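Fold and geometry: a report
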Amino acid sequence: MAVENTLSAGAILASKRKIETKICPVCKEEFEGIKKAKFCSNKCRQKDKYQRNKLTQ
Ligand SMILES: [Zn+2]
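Residues numbered from 1 in each chain as written. Predicted model: local features only at pLDDT ≥ 70, side-chain atom pairs only at ≥ 80, totals over all residues. Heavy atoms only, no water.

Considerations on the coordination of the zinc ion
- At the metal site, the zinc ion is ligated by Cys 24 (SG), Cys 27 (SG), Cys 40 (SG) and Cys 44 (SG), and these contacts range over 2.3 Å.
- Coordination geometry of the zinc ion: the four donor atoms subtend angles of 104 to 115 degrees at the metal centre, consistent with an arrangement described as tetrahedral.
- Counting gaps between the donor residues of the zinc ion yields the pattern C-x2-C-x12-C-x3-C. Separated by 20 residues along the polypeptide, Cys 24 in the loop between strand S1 (19-23) and strand S2 (30-34) and Cys 44 in helix H2 (residues 42-56) bring together distant segments of the chain. Comparing Cys 24 with Cys 44, the two get one shared label, buried. (Donors = N, O, S within 2.8 Å, 3.2 Å for Na, K, Ca; no water. Tetrahedral: all angles 85-135°; square planar, octahedral: opposite > 155°, others 65-115°. Helix = DSSP H or I, 4+ residues; strand = E, 2+ residues; numbered from the N terminus. Buried < 20%, exposed > 50% of the residue type's maximum accessible area, 1.4 Å probe, protein only.)

Structure, rendered in structure tokens:
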């Protein structure tokens, strides 16, 4: 019983964490990531953050 509940909860989480092919806005490279992932790597995420800070200052 408990195992069934765990499996269905896991299935819901898995569908929410669907892997998608995306294009990184920083280096324009295709990458695969979860729906909320925006950048291909931490390096690009930091680069984007740095550029945003540069623009606002
Ligand atoms: Zn990138």
